[in-house]
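# Reading the structure
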Amino acid sequence: MANRRDFIKISFTGVAGVAATGITGCKMFTPSPIDPFSVTQYSRTPTYCEVCFWKCAGWVYKNQEGKIWKIEGNHEDMNCNGRLCPRGTGGVGMYYDEDRLRKPLIRQGERGSQSFREAEWDEALDLVAGRMEKLADEYGPECLALFTHGSGGTYFGDLLRAYGSVNIAAPSYAQCRGPREVAFIATFGDGVESPEITDIRDTRCLVLIGSHLGENMHNGQVQEMSDAIDKGATIITVDPRFSTVAAKSRHWLPIRPATDLALLLTWINIIIEEEWYDKDYVERYTYGFDNLREHVKPYTPEWAFGITTIDPSVIRETAREMAKASPAVIVHPGRHVTWYGDDTQRLRAVAILNAILGSWGRRGGFFRPAYASLPRYPAPPFPEPGRTWREAFPDKYRLADLALASAICEATIPSHDRECNFKGWIVNGTNLIETLPDQRKTVEAIQNLDLLVVVDTMPAAITGWADVVFPECTYLERYDIIRTGPHRKPQIALRMPATEPLYESKSAWWMAKELANRLGLGEYFAAASQEEELDWQLRQIGSSLEEMKRIGVKTYARGAEDIYFGSDEDVLFPTNSGKIELYSTAFAAEGFDPIPQYTPHEEPPTGYYRLNYGRAPMHTFGRTANNPNLADLMDENAIWVNPKVAREWGLENNREVWLMNQDGVVSSFPGRIRVTERIRWDSVYLVHGFGHTDKRLTRAYGRGVSDNELITRVHTDPIMGGTGMRGNFVTFLFKRPESEVLS
Ligand SMILES: Nc1nc2c(c(=O)[nH]1)N[C@H]1C(S)=C(S)[C@@H](COP(=O)(O)OP(=O)(O)OC[C@H]3O[C@@H](n4cnc5c(=O)[nH]c(N)nc54)[C@H](O)[C@@H]3O)O[C@H]1N2
Ligand SMILES: Nc1nc2c(c(=O)[nH]1)N[C@H]1C(S)=C(S)[C@@H](COP(=O)(O)OP(=O)(O)OC[C@H]3O[C@@H](n4cnc5c(=O)[nH]c(N)nc54)[C@H](O)[C@@H]3O)O[C@H]1N2
Ligand code: SF4
Ligand SMILES: [Mo]
C-alpha cells in the first residue's frame, strides 16, 4: 500500500488542469487511504464547519437511528489538525435548534412589524424574481446589492453578476479586516489572508495587539500558539483588558485604549536607533528606510509613556525581545481591526515593524501561502456592469480593494448629491442590524428599499425587516463550494449533506438556480445538480466527488515557490517600487501620510467609560446565542467593570443595569455587572452577539446587552472606509428611562 507521505506524479492531463487553475506545476500528495475495516464508507460524511469562518474540516457521524450525532475534526485538515473548537463541536445544535426558519416567509404588515405569512417556495421565488425584473427595468440591475458572509455567498454572487450587478459586500471587510489588508498590500503588495499566513508554529516571539487569541477561537492559530508557548516562545500582549492570552504572556501591556499607534511608532524608533533591525533584509528588500528613520525620531519611550501609560523601560524591553527573536517574530496584525478610524495607519505601523524585523517571508514570521483554485462550471461570461458602488463615492475610499457594506448602506439613503441609490438588497448569512454600526442608519436605509430578501437559517433581527425570507438549510444538510483557502500547502475540503434538510429549508445553490431560471439566466447555473457541478470542478484538479466524499480533505504539494524566502533570493514585491514600502508610494499618491503619524483620540467624558467589546470562546457573534448546546455554556454576556468604577457607582456582581451611550441611546435590555480587575477603569467590556430583540429566538431573546445598539458614533477610515467602532462611551442607568431617545 502506498505510504501517504510518498509523492506520486500525476498524469499529464492532471498537471495541465491543475496548472490552469492555479497550483502551478505541482505534484500531488496522496491522501490517507481509508481502512475498510475501521470505517464503513459513508457511515461518516465530510463537512467543513460554518459556525465561524475558519472553516475547519470535519466528519459528521450519525447514530444507529440515522440521526446526526456528533462532529469531529478531520486529521488531514491544516485548519484544525483533527480538533474542532467548542463551537464547532456544538455545531450540531444549529441543526437541532427548534427555532429555525422552516418555510419561506412573505411580509404582510409594515416593514419591521414582524408580520409574515408562510408561503410555498414557488410563490416566494416568483415574487422575488418579479421584483428583481421590475427593479432592473426601472433603475438598472446595479441598484441591487448583495450583502453576504459565509459559503452560500458565492452562489448569490454569481446570480447577481449574471443579473448585471457587482455590488457584493461582506461586513467582514469594512467592519472587520479591511484596514489590515489595505495596510499590508500597501507595504508588501499582498494581504494577510484568511486563514492568516502567520507562522505561529515556529515563532519565537508573538506580539498580540488587541488580538485576543484564545477568546478569538480561530482554531489552528490557537493550537499553534499553544505549541509555540510549549516551545518557549515569548508572548507580548498589548490589551487594556487582561485577556485569556495576557495570562499566558511574558509581558502584558495594559495600554490606554486608542493609543496603540504611539507604542508602535516608538517600538520602530527604538529598533532603528539601537540598530536592532535586520540590516540585510532592510537593505535588500525595503524602500524608504531613511525617511522612516527620520520620521520616527520624535517618538521616544518617554513621549509614549505620557500617551499610552506604558512604562518606558517596558517599551524598551519588549522591543529588545522582538529583536532577539527576529526574524522568527510576529507582530500579529489582528483581524477585527476597525477601531478608531485611523486603523489603516495603525496596521501600516504593524506592517512596517514586521518589515524591519525581517519577519515577512521568514520561518516563524509570515509564510508564503499556497492555494488550490477551481475553475467555474462552464457558463457564459458575466455582463459588464454599467455602474458600481464606487460611483456613489467618486473621490473616497479609492484604496478599498473590496466593496464596503457600510458605504452601500449609506448610498441606499437618498441624498441630493447622488444620482442613484440602491433600491434592493439580498442579505445572505449576515445579520446587518447587529453587524453594521449605527443601527438607525441601517434601518433608515432599509425603509428606502423596494426589495429586501433575507436568506438565513434563523429568525435573526435582519429577517424581521425583510419583504421575503428564504430559509436556508444548515451546513450539515447541504453541499457547498469546495473550500480552497490559503495555507502552507494547497488544500481542498468538501462539505456534503449528512442528512436531508429539515422542514422546507433549501440550499443557497438551489435558491440561486431557481431565481436564475425565473430571470432567464439559467445558462449561468447550467449543471443539473450540485453534485454534477462539484464533480466537474474537482475533476479539473485531479480529484472527483466520489474521492472527496471518502477523504473529505485533499492536500497538494506546493508549486515551485518555497514557503519562505531563500537566503539570497531576490524577491519582486507587487508594490509600485517592487520593494517592501516603508514609505508608501500608493498612500502618497492618494494624499495620505506615506508613513503613519500619531493621531490622538477623544477620551470618555466624566462619568462615561469607553465601550470595549470582543469574543467569547464558546460563541460566534450572535449566530450561536440560540444554539441549544452553546447557550448551555454561556447564555448571556456580562458587563465587565473595574473595582474602582464599581465602588464609585455602588455596583456589585450580578446587579442589573442598563447602559446609555453618549448620544442618549439606552440598551434594550439590562445586563449583569461583573466586577473584575481584568478591565481598565476607563472602559467597560461586553462580549458581542447578545441582547437579541427577536422574540422567535426563545433562548436568546432579551439575554444580555447588544454592544451594537450602543455603537452610534462611527469614525470612518478616510483611506479605505472601514468603520471605527470603538469611539463610543457608556454610562450606567439603574432604571430604564421612558424617554423619546429610545427607539
Ligand atoms: N457591534 C459589533 N459589530 C460587529 C462586530 C463586533 O464585534 N461588534 N464584529 C464585526 C466582525 S469582526 C464581523 S466579521 C461581522 C460579522 O457579522 P455577520 O456577518 O453578521 O455574522 P453573524 O453575526 O455570525 O451573522 C450571521 C447570520 O448568518 C446566519 N447564518 C448562520 N449560518 C447560516 C447559513 O448556513 N446560511 C445562512 N444563509 N445564514 C446563516 C445567522 O443566523 C446570522 O443571522 O460583524 C462585525 N460587526
Ligand atoms: N470565539 C470566537 N472567535 C472568533 C469570533 C467569534 O465570534 N467568536 N469571530 C472571529 C472574527 S470574524 C474575528 S474578526 C476575530 C476578532 O478577533 P480579534 O481580532 O482578536 O479581536 P478584536 O475584537 O479586535 O479585539 C478584541 C480585543 O481587543 C482589545 N482592545 C479593545 N480596545 C483596544 C485598544 O485600544 N488597544 C488594544 N491594544 N486592544 C484593545 C479588547 O480588550 C479585546 O481583548 O475573532 C474571530 N474569532
Ligand atoms: S474554529 Fe471552531 S467554529 Fe470556527 S470553523 Fe473551526 S471548529 Fe468551527
Ligand atoms: Mo471578523
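Described below are features of the structure shown in this document. No experiment lies behind these values; they were computed from the predicted model shown. (Residues numbered from 1 in each chain as written. Chains lettered and ligands numbered in written order. Predicted model: local features only at pLDDT ≥ 70, side-chain atom pairs only at ≥ 80, totals over all residues. Heavy atoms only, no water.)

For the rest of this paragraph, the subject is the site of ligand 3. What surrounds ligand 3 is the set Cys49, Val51, Cys52, Trp54, Lys55, Cys56, Leu84, Cys85, Arg87, Gly88, Met217 and Asn219. Partitioned by chemical class, the residues of the shell around ligand 3 number eight nonpolar, two polar and two charged. (Near = heavy atom within 4 Å. Nonpolar A, V, L, I, M, F, W, Y, C, P; charged D, E, K, R; others polar.)

Around ligand 2 lies a shell of 31 residues, among which Asp239, Asp260, His336, Tyr340 and His619 are the nearest. Within the backbone of alanine 258, one N or O atom sits 2.9 Å away from an oxygen atom of ligand 2. Here arginine 615 contributes a side-chain N or O atom positioned 3.5 Å from a nitrogen atom of ligand 2. Alone, ligand 2 offers 920 Å² of accessible surface; in the complex the protein occludes 99% of this. Split into classes, the residues belonging to the shell around ligand 2 amount to 14 nonpolar, nine polar and eight charged. The two domains that each donate at least three residues to the shell around ligand 2 are domain 1 (194-368 + 576-589) and domain 2 (609-733). (Polar contact = N/O pair within 3.5 Å; in protein donor to acceptor, adjacent residues only side chain to side chain. Areas by Shrake-Rupley, 256 points an atom, 1.4 Å probe, with all protein chains shown as cover. Domains from an automatic or database assignment.)

This part takes up the sheet that holds strand β7 (residues 116-118). Spatial ordering of the open sheet is given by β7-β6-β17-β16-β15-β8-β9, a layout of seven strands whose pairing is mixed. The two strands at the open ends of the sheet, each matched to only one other strand, are β7 and β9 (168-169). Across two bridges, strand β6 (residues 105-107) lies against strand β17 (residues 468-471) in antiparallel orientation. Within the sheet, the bridge partner assigned to leucine 105 lies in β17 and is valine 469. Here helix α4 (residues 121-139) sits on the sheet and contacts β6, β7, β8 (144-148), β15 (424-428), β16 (451-456) and β17; the angle it forms with β17, its principal contact strand, is near 130°. (Pairing = 2+ DSSP bridges. Helix = DSSP H or I, 4+ residues; strand = E, 2+ residues; numbered from the N terminus. Contact = heavy atoms within 4.5 Å. Axes fitted to C-alpha atoms, helices over the stretch in contact; angles between N-to-C directions.)

For lysine 103, the location among the structural elements is in the loop between α3 (92-96) and β6. A distance of 2.9 Å separates polar atoms of two side chains, one belonging to lysine 103 and the other to glutamate 120. Beyond its immediate stretch of four places on either side in the chain, lysine 103 contacts Glu118, Ala119, Glu120, Pro471 and Glu504.

Below, the discussion takes up the packing of aromatic side chains. Per the counting criterion, the structure on display carries 28 aromatic pairs. Ring centres of tyrosine 277 and phenylalanine 289 lie 4.7 Å apart, and the angle between their planes is 40°; on these two criteria the pair is classed as tilted. In this pair, tyrosine 277 is assigned in the loop between α8 (260-273) and α9 (279-285) and phenylalanine 289 in helix α10 (residues 289-296), connecting sequence segments twelve residues apart. Pair check on accessibility: tyrosine 277 and phenylalanine 289 agree, each one buried. Ring centres of tyrosine 281 and tyrosine 285 lie 5.0 Å apart, and the angle between their planes is 75°; on these two criteria the pair is classed as edge-to-face. In this pair, tyrosine 281 and tyrosine 285 both sit in helix α9, four residues apart, roughly one turn of the helix. (Phe/Tyr/Trp six-rings, centres within 6.5 Å; stacked < 30°, edge-to-face > 60°. Buried < 20%, exposed > 50% of the residue type's maximum accessible area, 1.4 Å probe, protein only.)

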